[in-house]
Amino acid sequence: MTEPVTGIALAVVIVGLALTTLVTRTSFLLAGSRLKLGHRIEVALRYAPVCTLSAIIVPDVLMHGGTWDLSPLNPRLIGVVAAGLWLCVSRNIVGCLAAGLLAFTLARLYL
């Protein structure tokens, strides 16, 4: 049987995590221009935000109740497709958000 976590153990964990986060995040700032990454690594890192955003959004859009919902009647999928089409045509991010939300709302109300 496990023992309950004491206040001291919890404080040690919090301080340890804070120090780990501080060291890993500030190491790049402290290294500054002295740290040079290879060209291929810099090119690959340009795609990191898109990959991260996709990994967060895709499961939320395509999964409903623990199962995959790839049907054309999925309101989230309709909203994402509408937003993507708007963005491809106009390159206007505010219009993209409005088009996606409008399509999602209409699909949810009428489908």
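Structure first, text after, so check above.
Described below are features of the structure shown in this document. For clarity, every value in this text was computed on a predicted model and none was experimentally measured.

A separate point is the overall build of the protein. Along the backbone of the protein there are 5 helices and 2 strands. Based on the C-alpha atoms only, the size of the protein along its principal axes is roughly 55 × 50 × 25 Å. Here the contacts in the protein between residues at least 6 apart in sequence split such that 26% fall between residues at least 24 apart. Surface summary for the protein: the accessible area is close to 9400 Å², and the carbon and sulfur share equals 73%.

Here we come to the state of the cysteines. Within the structure shown, the criterion is met by 0 disulfides. Just so you know, Cys51 is unpaired, no disulfide at all, and the nearest cysteine sulfur is the one on Cys88, 17 Å from it. Cysteine Cys88 is unpaired, with the sulfur of Cys96 as its nearest cysteine sulfur at 8.9 Å.

What follows covers the environment of Ala103. For Ala103, the location among the structural elements is in helix H5 (residues 93–110). Sequence spacing of Ala103 and Leu87 is 16 residues, and the spatial spacing of their C-alpha atoms is 14 Å. Beyond its immediate sequence surroundings of up to four residues, Ala103 is in contact with Ile78, Gly79 and Ala82.

Here is what the cut-offs are and how they apply
- Residues numbered from 1 in each chain as written.
- Predicted model: local features only at pLDDT ≥ 70, side-chain atom pairs only at ≥ 80, totals over all residues.
- Heavy atoms only, no water.
- Helix = DSSP H or I, 4+ residues; strand = E, 2+ residues; numbered from the N terminus.
- Contact = heavy atoms within 4.5 Å.
- Areas by Shrake-Rupley, 256 points an atom, 1.4 Å probe, with all protein chains shown as cover.
- Disulfide = S-S within 2.5 Å.

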